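# Notes for the structure review
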Amino acid sequence: MKILLVEDEPKLASFVKKGFENEGYELDVAYDGQMGRSLFQQHIYELVILDVNLPYINGFELCRLIRADNSHLPVLLLTALDSLDDKVIGFEAGADDYLVKPFAFKELLLRARALTKRRSDAAAVKQVLRLADLELNLDAKTVTRQGQRIDLTTREYALLEYLLRNRGKIVSRVDIAERVWELDFDTNTNVIDVYVSYLRKKLDRNFSPKLIHTVVGMGYVLREG
């Protein structure tokens, strides 16, 4: 699981990072709201942990921005603000949970696990991934567009599922290599570009609108238009 922590206290950030990494998680740290937003836009995360009193963009506003881009990503607010009004503002901003400082790392870990499990359980219930007239059935392992069956190889199917689960979000070649191929990205290979080209031929060539888009210097995004 990959986590984004946005926390401007270096000692606390180091403590949390070490704790999660000791539990086998990968955690990126941003020390202000602007940096946090940038990392969120560049990478795929399963959980975001936000402090509230952040430089440049506070945690409440950053939570709203994250929620506008991703309605399902779990967000946990980690802050010294413990009044009911503060909690109401946090939940209205889109937070899923609220942990008040000081805290025991074990409680933070348990809450993080609960949030990500809830998301996984909800995703399991959703058996069909859709974008426009494109449908991917997770049970039958079938893909259709405009009602027409499209045959994909195992790797093409895995790539499309990953793009659909992150529709509207730019995914880099590194993200695809790590999440679909499950290997370290080799900058000397064009295998990912080749498979994206295969998908384009099958999904976009004879249909409209085009759904697979290249973002120069950043990666790919699956979206309408």
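Up top is the structure these notes are about.
Residues numbered from 1 in each chain as written. Predicted model: local features only at pLDDT ≥ 70, side-chain atom pairs only at ≥ 80, totals over all residues. Heavy atoms only, no water.

## Brief notes about the packing of helix H2 (residues 33–42) against helix H3 (residues 59–69)
Where H2 meets H3, the axes come as close as 10 Å, and the angle between the chain directions of the two elements is 15°. Between H2 and H3, the angle is such that the two are roughly parallel. Both H2 and H3 take part in a crossing whose hand is right-handed. Each of Gly33, Arg37 and Phe40 in H2 lies in contact with H3, whose residues at this interface are Leu62, Leu65, Ile66 and Asp69. When its residues are assigned to classes, the contact of H2 with H3 shows four nonpolar, one polar and two charged. (Axes fitted to C-alpha atoms, helices over the stretch in contact; angles between N-to-C directions. Helix = DSSP H or I, 4+ residues; strand = E, 2+ residues; numbered from the N terminus. Parallel < 35°, antiparallel > 145°, perpendicular 65-115°, else oblique. Left-handed = near helix turned anticlockwise from the far one by under 90°. Contact = heavy atoms within 4.5 Å. Nonpolar A, V, L, I, M, F, W, Y, C, P; charged D, E, K, R; others polar.)

## Examining the sheet that holds strand S8 (residues 142–145)
Ordered in space as S6-S7-S8-S9, the four strands form an open sheet in which the pairing is antiparallel. Looking at strand neighbours, the two that pair on one side only are strand S6 (128–131) and strand S9 (148–150), the edges of this open sheet. Here the average twist between neighbouring strands, direction ignored, is 25°. Examined bridge by bridge, strand S7 (residues 134–137) and S8 share four bridges and lie antiparallel to one another. Directly across from Asn137, in S8, lies its bridge partner Thr142. Against the sheet, helix H6 (residues 154–165) engages S6, S7 and S8, with an angle of about 115° to S7. (Pairing = 2+ DSSP bridges.)

From the geometry alone we can't say anything about function, so treat these as descriptive.
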